[in-house]
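Each chain, letter by letter, is given below.
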Amino acid sequence: MNTLTLAFILALLATGTAARAASHEHEHQHDAATQQAAATYVGIGLLKAVNAKDGKVQIAHEPIAELEWPSMTMWFTLREPLSKGLKAGDAVRFEIKQGEKKQWLIEKIERK
Ligand SMILES: [Cu+2]
């Protein structure tokens, strides 16, 4: 990848992230606080890709303050197969827990 391509991708990411963070900020903070005791964290994001074969989804998520995570795009492992109603491009709300191997598991995911 050359420098110009990289700069273009970074600019795209920054634009999308700022818009999403602004629109959902309040609801996100409220949800996260109520889930903290069970060590389950709530995230809001955009479903980017689905790998049904390996049971994984890629999500561009907003910051998750309790985990000190900035907004980013990453893969998560699904605890259960994804509901057929969900597809790439959907805005989602999800709950995650860290598994025994330190991997992040999605306990629950639904269209937002
Ligand atoms: Cu992340």
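Heads up: the structure comes first, above all this text.
The structure reproduced in this document is the subject of the present report. Since this is a predicted model, take the numbers as computed values, not measurements.

Moving on to the overall build of the protein. Summing up its helical and strand segments, the protein has one helix and five strands in all. In sequence order, the protein lays out its α and β elements as α-β-β-β-β-β. Sorting the 112 residues of the protein into buried and exposed places 15% on the buried side.

We now examine the pairing of strand E2 (residues 56-61). Residues of E2 alternate between two faces, with Val57, Ile59 and His61 buried on one and Lys56, Gln58 and Ala60 left unburied on the opposite face. One ladder, built from six bridges, connects strand E1 (residues 41-51) with E2; its direction is antiparallel. By the bridge assignment for E2, Val50 is matched with Val57. The hairpin turn running from E1 into E2, its antiparallel successor, is four residues long, and Gly55 in that turn takes a positive phi close to 65°. The pairing of E2 with strand E3 (residues 72-78) spans six bridges and is antiparallel. What sits directly across from Ile59, in E3, is Met74.

Okay, unusual backbone geometry next. Within the chain, Glu68 stands out as a residue other than glycine whose phi angle is a positive 55°. Here the phi dihedral of Lys102 falls at roughly 70°; this positive angle occurs in a residue that is not glycine. Turning to its location among the elements, Lys102 is positioned in the loop between strand E4 (91-98) and strand E5 (104-111).

Moving on: the nonpolar core. Among the nonpolar cores identified, the biggest contains ten residues, and these are Tyr41, Val42, Leu47, Val57, Ile59, Phe76, Phe94, Ile96, Ile106 and Ile109. Within the residue set of this core, elements represented by two or more residues are E1, E2, E4 and E5. Ranked by the residues each element gives to this core, the list is headed by E1, at three residues.

Basis of the calculations
- Residues numbered from 1 in each chain as written.
- Predicted model: local features only at pLDDT ≥ 70, side-chain atom pairs only at ≥ 80, totals over all residues.
- Helix = DSSP H or I, 4+ residues; strand = E, 2+ residues; numbered from the N terminus.
- Buried ≥ 20, exposed ≤ 12 C-beta atoms within 10 Å, placed from the backbone.
- Pairing = 2+ DSSP bridges.
- Core = buried A, V, L, I, M, F, W, Y, C linked by C-beta atoms within 7 Å.

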